[in-house]
Structure formats: structure tokens, C-alpha cells
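Summary of structural features
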Amino acid sequence: MSQSVSHKGKVIKMTPQTTTVAILQHGACSECHAAGLCGMADIAEKAVEVATDPYAGYGVGDQVEVLLKASMGMKAVWLAYFIPLLILLAVILGLIALGVAEVPSALAGLGAIGLYYLGLYLLRDKLKKEYIFTIK
């Protein structure tokens, strides 16, 4: 993979089908020297499942690098951030243009985003098949 997003992680579980890797996800605040004082440091551990390579030379406890195509990362950003923003703006502005008050328009916009995320949740198995992680 020439253009990929990589994260360092630790293998925490291996089965014949999947390998689970724990990666640390750092937020922007975690690099700040005052992050400990303001309590805004957001470092979270995420578990990623990768198809097990039967010829791999790694095992539980080993440090590995998890890779994902950069195009898949951009698709995730579109699905998680840009499309919901467009839905929110379209619903709110459309309802206000039709003469609906601002508060009900805003609530309808939030409801529309809720329905969108519910749809993503229901399609999670299909989306999971598109996002293929590999271990380097």
C-alpha cells in the first residue's frame, strides 16, 4: 500500500480468523504541554480487528503497525462528519425557508442526523467489509 494511514499497536488477541490489535488514538490536545492541567487530553485505546495471516511472525503481546488505505480514511471522514453536516444544514435551512420556526427546525435537523447515524449503524456489517486493515 503506497498511500496508507498507519498506527502502531499491540496484538492483544489472536484467533484463526481474526487478530485484535489495540491502538492508541491521540487527540490534538494530547500533544499540548498543558493537556494534563486542563483535562482535555483525549487519548483513547481502540481495538481493531484484522484478518489473521497464518504465516505471520507476530503473536500476542507483539508491537505491530496497522495500515489502512488513505482513501478509506477519507471515506470515513465523509461518512462521519461531512454528510451529517450537509443533512443538518439542508434540513434546518429548508424548514426555515418553508416558514417553520427555528427551534423545531433545529430539532428536526438533529432528528435527521440521528436517523442517518441509525442507518450507518444498521449498515455496519456492510461497511466493515469495505474497511480492510492489514498488519505490517
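Further up the page is the structure itself.
Below, the structure is looked at part by part.

Of the voids in this model, the largest pocket is the one considered here, and its volume is about 1,200 Å³. In terms of lining residues, the largest pocket is bounded by 31 residues, among which Val-48, Leu-68, Ala-76, Tyr-131 and Phe-133 are the most central. Taken together, the residues of the lining of the largest pocket break down into 21 nonpolar, five polar and five charged.

Attention now moves to a nonpolar patch on the surface. On the surface, a cluster of nonpolar side chains totalling about 580 Å² of accessible area is made up of Met-74, Trp-78, Tyr-81, Phe-82 and Leu-86. The residue Trp-78 is located in helix α2 (residues 70-97) in this model.

Using the criterion set out here, one finds two aromatic pairs in the structure. With 5.5 Å between their ring centres and 65° between their planes, Tyr-116 and Tyr-117 make a pair best called edge-to-face. Taking the relative accessible area as the measure of exposure, Tyr-116 reaches 16% and is therefore buried.

What follows is about the nonpolar core. Of all hydrophobic cores here, the largest spans nine residues; its members are Val-11, Val-21, Ile-23, Val-48, Val-50, Tyr-58, Val-64, Val-66 and Ile-135. The set of elements that each furnish at least two residues to this core consists of β2 (18-26), β3 (43-51) and β4 (63-69). With sequence-adjacent residues up to four places away left out, Tyr-58 is seen in contact with Val-11, Met-14, Thr-19, Asp-53, Val-64 and Ile-135. By size, the runner-up hydrophobic cluster in this structure holds seven residues, among which are Met-72, Leu-79, Tyr-116 and Leu-120.

Counting buried residues in β4 gives five out of seven residues, a clear majority hidden from the surface. The pairing of strand β1 (residues 4-14) with β4 spans seven bridges and is classified as antiparallel. Paired with Lys-8 across the strands is Glu-65, a residue of β4. Strand direction decides the pairing type here: β4 and strand β5 (residues 134-135), joined by two bridges, are antiparallel. Its bridge partner lying in β5, Leu-67 is registered against Thr-134.

Right, let's get into the side chain of Thr-20. Looking at the secondary structure, you find Thr-20 in strand β2. By relative accessible area, Thr-20 is classed as buried at 11%.

The next thing to look at is helix α3 (residues 102-122). Helix length check: α3, at 21 residues, gives a terminal C-alpha distance of 30 Å against a target of 30 Å (1.5 Å per residue), a fit within 8%. Residues Ser-105, Gly-109, Ala-112, Ile-113, Tyr-116 and Leu-120 constitute the buried set of α3. Viewed along the axis of α3, the buried residues span an arc of 95°, placing them on a single side of the element. Exposed positions of α3 whose direction lies more than 90 degrees from the buried face are Val-103, Leu-107, Leu-110, Leu-115 and Leu-122.

Here we take up the environment of Glu-45. Mapped onto the fold, Glu-45 is located in strand β3. Apart from the residues within four sequence positions on either side, Glu-45 is in contact with Ala-22, Ile-23 and Leu-24.

With respect to the helices, strands and loops of the structure, Ser-105 is situated in helix α3. Looking at Ser-105, the relative accessible area reads 0%, which means it is buried. At 2.7 Å, the side chain of Ser-105 and the backbone oxygen of Ala-101 are in polar contact. Sequence-distant contacts of Ser-105, defined by excluding residues within four places in its chain, comprise Val-91, Ile-92, Leu-95, Ile-96 and Val-100.

Cut-offs applied
- Residues numbered from 1 in each chain as written.
- Predicted model: local features only at pLDDT ≥ 70, side-chain atom pairs only at ≥ 80, totals over all residues.
- Heavy atoms only, no water.
- 1 Å grid on protein atoms, 1.4 Å probe; cavity = no way out; pocket = protein on both sides within 12 Å on 5 of 7 lines; lining within 4 Å.
- Points joined across faces, edges and corners; volume = space filled by probe spheres on them.
- Nonpolar A, V, L, I, M, F, W, Y, C, P; charged D, E, K, R; others polar.
- Patch = residues over 30% accessible without salt bridge, like charges linked within 9 Å, V, L, I, M, F, W, Y side chains within 5 Å.
- Areas by Shrake-Rupley, 256 points an atom, 1.4 Å probe, with all protein chains shown as cover.
- Salt bridge = Lys/Arg side-chain N within 4 Å of Asp/Glu carboxyl O.
- Helix = DSSP H or I, 4+ residues; strand = E, 2+ residues; numbered from the N terminus.
- Phe/Tyr/Trp six-rings, centres within 6.5 Å; stacked < 30°, edge-to-face > 60°.
- Buried < 20%, exposed > 50% of the residue type's maximum accessible area, 1.4 Å probe, protein only.
- Core = buried A, V, L, I, M, F, W, Y, C linked by side-chain atoms within 4.5 Å.
- Contact = heavy atoms within 4.5 Å.
- Pairing = 2+ DSSP bridges.
- Expected span 1.5 Å × (residues − 1).
- Arc of directions from axis to C-beta.
- Polar contact = N/O pair within 3.5 Å; in protein donor to acceptor, adjacent residues only side chain to side chain.

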